[in-house]
Protein chains: 2
Amino acid sequence: MATMKDVAALANVGVGTVSRVLNDSGAVKESTRRKVQAAMKELNYIPNAYARGLKMNKTYTVALIIPTIWHPFFSEFAYYVERNLSEHKFKMLLCNSDVSNEKELEYIQMVQENKVDGIIGITYSDLDNFVSSHLPFVTIDRHFKEETVCVTSDNFQAGQLAVEKLVEKGCRKLGYIGTHSRFPSETTKRRAGFVEQAERMNIPYAIYDEMDPVLDLLAGIKTFFEKHPDVDGVFAHTDFIALDILEVLDAMERHVPEEIQIIGCDGIKMEAGRRQIVSTIRQPVDLMAQAAVKKIIELIDGEAVKEKITLPVTYIEGPTTKNNCVK
Amino acid sequence: MATMKDVAALANVGVGTVSRVLNDSGAVKESTRRKVQAAMKELNYIPNAYARGLKMNKTYTVALIIPTIWHPFFSEFAYYVERNLSEHKFKMLLCNSDVSNEKELEYIQMVQENKVDGIIGITYSDLDNFVSSHLPFVTIDRHFKEETVCVTSDNFQAGQLAVEKLVEKGCRKLGYIGTHSRFPSETTKRRAGFVEQAERMNIPYAIYDEMDPVLDLLAGIKTFFEKHPDVDGVFAHTDFIALDILEVLDAMERHVPEEIQIIGCDGIKMEAGRRQIVSTIRQPVDLMAQAAVKKIIELIDGEAVKEKITLPVTYIEGPTTKNNCVK
DNA sequence: CTGTTAGCGCATTCAT
DNA sequence: ATGAATGCGCTAACAG
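Residues numbered from 1 in each chain as written. Chains lettered and ligands numbered in written order. Predicted model: local features only at pLDDT ≥ 70, side-chain atom pairs only at ≥ 80, totals over all residues. Heavy atoms only, no water.

A. Layout of helix α6 (residues 101-113) of chain B. When the terminal C-alpha atoms of α6 of chain B are compared, their 19 Å separation across 13 residues agrees well with the 18 Å that a helix rising 1.5 Å per residue should span. Within the span of α6 of chain B, buried status applies to Lys103, Glu104, Tyr107, Ile108, Met110, Val111 and Gln112 of chain B. On its buried face, α6 of chain B is in contact with α5 (72-87) and β2 (91-96) of chain A together with β1 (61-66), β2 (91-96) and β3 (118-121) of chain B. Positive phi appears at lysine 115 of chain B, one or two residues downstream of α6 of chain B, with a value of about 55 degrees. (Helix = DSSP H or I, 4+ residues; strand = E, 2+ residues; numbered from the N terminus. Expected span 1.5 Å × (residues − 1). Buried < 20%, exposed > 50% of the residue type's maximum accessible area, 1.4 Å probe, protein only. Contact = heavy atoms within 4.5 Å.)

B. Main features of the sheet that holds strand β9 (residues 261-266) of chain A. Residue and element names in this part refer to chain A. One open sheet holds the 6 strands; their spatial order is β7-β6-β8-β9-β10-β12, and the pairing between them is mixed. A strand with exactly one partner marks an edge of an open sheet, and here the two such strands are β7 (205-211) and β12 (314-316). In this sheet, adjacent strand axes meet at a mean angle of 20 degrees when their direction is disregarded. Across the sheet, helix α8 (residues 189-201) lies against β6 (174-180), β7, β8 (233-236) and β9, angled at about 170 degrees from β7, the strand it touches most. (Pairing = 2+ DSSP bridges. Axes fitted to C-alpha atoms, helices over the stretch in contact; angles between N-to-C directions.)

C. Region of the structure containing the interface of chain B and chain A. Facing the 48 residues of chain B at the interface are 48 residues of chain A. Between chain B and chain A, roughly 4,800 Å² of surface is buried when both sides are summed, and carbon and sulfur atoms account for 61% of that area. Per-residue buried area on chain B facing chain A is highest for Tyr50, Trp70 and Met270 of chain B; these three make up 22% of the total on that side. Summed over the shared surface of chain B and chain A, the number is 4 salt bridges. Here aspartate 244 of chain A ties to arginine 274 of chain B by a salt bridge, and the two come within 3.4 Å at their closest N and O atoms. Counting across the interface, chain B meets chain A through 16 residue pairs in polar contact (both at pLDDT 80 or more). (Buried area = accessible area lost by both parts, 1.4 Å probe. Salt bridge = Lys/Arg side-chain N within 4 Å of Asp/Glu carboxyl O. Polar contact = N/O pair within 3.5 Å; in protein donor to acceptor, adjacent residues only side chain to side chain.)

D. Structural detail: the protein's contact with DNA strand D. In the vicinity of DNA strand D, 25 residues are found, and the nearest of them are Met4 and Tyr45 of chain A together with Gly14, Thr17 and Ala27 of chain B. Counting only the atoms of DNA strand D that lie within 4 Å of the protein, the sugar and phosphate share comes to 66%. One of the backbone N or O atoms of methionine 4 of chain A is found 2.5 Å from a phosphate oxygen in DNA strand D. Lysine 55 of chain A places a side-chain nitrogen or oxygen 3.1 Å from a base oxygen of DNA strand D. Mapped onto the surface near DNA strand D, the elements with two or more residues apiece are α2 (15-23) and α4 (49-56) of chain A together with α2 (15-23) and α4 (49-56) of chain B. Of the residues in the surface near DNA strand D, the class split is 10 nonpolar, 9 polar and 6 charged. (Near = heavy atom within 4 Å. Nonpolar A, V, L, I, M, F, W, Y, C, P; charged D, E, K, R; others polar.)

Geometry only, nothing functional implied.
Below, the structure written as structure tokens:
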């Protein structure tokens, strides 16, 4: 592997000059620049990012820590994060925590050893206590402390919007079905928004909300519908829970959307271009990723304002609601 | 950030000794070892992987190049690759090529600069011409040259198995519906296996196979069924195509699986623990990832046999076939 | 404009 | 068993 020294020797210049043409820093005479470039090409020179990183104390690498990439929401998010990072000449180290506190901490150690410039994390430990405050950190859906930069979608609005749509589509009694983590998360506001809007619209509702990990969610959902047979519109905390609800209702021979309508949350798609799997309140995943990358780079460059960024959600019609209503 | 020198100073030893206890190399007196460890803890010492990488010319990093992480097959694969790498103390750099030849080449340049120890790739360019033969490379579903290590599932068997199952379930005339890349891929054998088995079982069949990118696949599928109204069993080249077929048949008011049965291929699941979306021939994604990681590490350690690894596929019953038949 | 030099943090000789 | 010295490839500061 050719090094800068080899290039310098072949071009009959000093290594400083090679560095200058490589980085386009300092002034270099056009003729020497061409000489150097020719030498680089001839030797098939490839700069060594490790040497540069060691010297500069900057690696142009960001770690993305998520529970698991094997999930449409996270994989879409990761896709856009990588794409945005790539556009800024950054690389992405992917870390699957499996929602394990222990693995999260292992990754924190690892990324520090690997001198990542920053971390974008969807995590569930109190990582902020372990990340040196010098390490730029952007969190998603989770507001640790005031000083942490957090990107989230408007979860409260999501709950409100779901109620609005369900009522608009003729529902008379609503249900909220969800689970929540032991740790604080912005997503709990989905339920709050649901409740607030239902109260405001003066529409009756029932709630089934359990803490993760849930042993038998399907059984819980079934019990819920047996207890509340008059519920004809459901807001599910996630699209996956909406799928579970569909399964239960199918087994109970209750038809969706004719008898009961369901709106999920997240707006997951299995791949770009494919449609949502249920009617849903969609998080603007692409914009969230874009915002997260923008923020992390600002933090890295030391020019970021610490703030919480909340992006708006939208309703997307799918197969689990009636679409023959007044819009 | 504390360095080895700081630790050495605090522990009153030389940097060599610190390096020795850190890497458990060479002999160190127990008492000094403890002194050093105490100093490391006190200073909250974190080894610098960039310095080490520069020195050792090894980074414990592998790049995964895939078309897009936003796809259940690739995200499951990436999940298992990362997990297996992680168990071997390796890190994973994720690269989404978007099936763009240009981006693939950019990534190749990038990962070379970043001194990755190896590449696992699901790619569509002739990357082998651009990767220095010194860079360990494991490819999935794509056999470049004899010397390339390739991991794939038994695509031919997949086609055979699908025919077997469809016939077993009572189908009298089969259809194969798929698309294929402009580039050679192991997956084209799915069709070959389908044809071979149908011939052998002496069962009539029709084929619709177009080259990507397809402008209007749904229209093509519709035409196929109009032309072959007697087809009552279909093997789809992928699960996603199976979904498309479902959509078309739904619009044509032909019932699945009562009138027509469909078997997809890949066995995608949206997340761990969730079920397949259609009846399918499943690739052993976890084993493929495991094999790929094992191979790449062997290549890195210079002890790999160059070979093609073919893993068996299995049939998984889903909602698009009749399950009331003799097994 | 350009050549020379001093580290960046670490692993590894080579003496001791 | 351990301390000192060398260099991995690069950038930046300095001297010309």
